[in-house]
Amino acid sequence: MQIMKIDGHAVCAPDTPIRCLTLATILKDWIALGGVGDGHGMLFGSDEWPAFVQFVNEIDEEVRHAQHP
């Protein structure tokens, strides 16, 4: 992952980007996931982030289970 500091924000670009999900911008109280120049994306408050991570982990567990019963 490449991390750049731009105007006091951390911008993370994954080494293997997922289509339409190429950047994570970390602001003081917000995390934004989206693509470069794309008006679509997701914006999370810092208090919402742990629940989102838990949600993704639960999905990941179900996907792994479904792929390897």
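Our subject is the structure that appears above.
The structure contained in this document is the topic of the report that follows. Owing to the predicted nature of the structure, the values given are computational and were not obtained by experimental measurement.

Conventions and cut-offs
- Residues numbered from 1 in each chain as written.
- Predicted model: local features only at pLDDT ≥ 70, side-chain atom pairs only at ≥ 80, totals over all residues.
- Heavy atoms only, no water.
- Pairing = 2+ DSSP bridges.
- Helix = DSSP H or I, 4+ residues; strand = E, 2+ residues; numbered from the N terminus.
- Axes fitted to C-alpha atoms, helices over the stretch in contact; angles between N-to-C directions.
- Contact = heavy atoms within 4.5 Å.
- Buried < 20%, exposed > 50% of the residue type's maximum accessible area, 1.4 Å probe, protein only.
- Salt bridge = Lys/Arg side-chain N within 4 Å of Asp/Glu carboxyl O.

## As for the sheet that holds strand β4 (residues 30-34)
And then number 1: Judged by pairing direction, the sheet is antiparallel, and its five strands sit side by side in the order β1-β2-β3-β4-β5 without closing on themselves. Each edge of the open sheet is held by one strand with a lone partner, namely β1 (2-6) and β5 (41-45). Taken pair by pair, the neighbouring strands of this sheet meet at an average axis angle of 20°, ignoring direction.
And then number 2: Both β1 and strand β2 (residues 9-13) contribute to a ladder of five bridges, which runs antiparallel. If you follow K5 over to β2, its bridge partner there is A10.
And then number 3: Strands β4 and β5 of the sheet are contacted by helix α1 (residues 49-67), whose axis makes an angle of about 125° with β5.

## Some remarks on the environment of A24
And then number 1: With respect to the element layout, A24 can be found in strand β3 (residues 23-26).
And then number 2: A relative accessible area of 17% places A24 in the buried class.
And then number 3: When the C-alpha atoms of A24 and M42 are compared, they prove to be 9.5 Å apart, with 18 residues separating the residues in sequence.
And then number 4: Setting aside anything within four residues of it in sequence, one finds A24 in contact with A10, V11, C12, A32 and L33.

## Focus: the pattern of salt bridges
Should the charged atoms of two oppositely charged side chains come close, the side chains can pair.
And then number 1: Evaluated as defined, the whole model comprises one salt bridge.
And then number 2: Among the salt bridges present, the one from D60 reaches R64, with a minimum N-O distance of 2.7 Å. Here the residue D60 and the residue R64 both occupy positions in helix α1, the gap between them amounting to four residues, near one helical turn.
And then number 3: What makes R64 exposed here is its relative accessible area of 54%.

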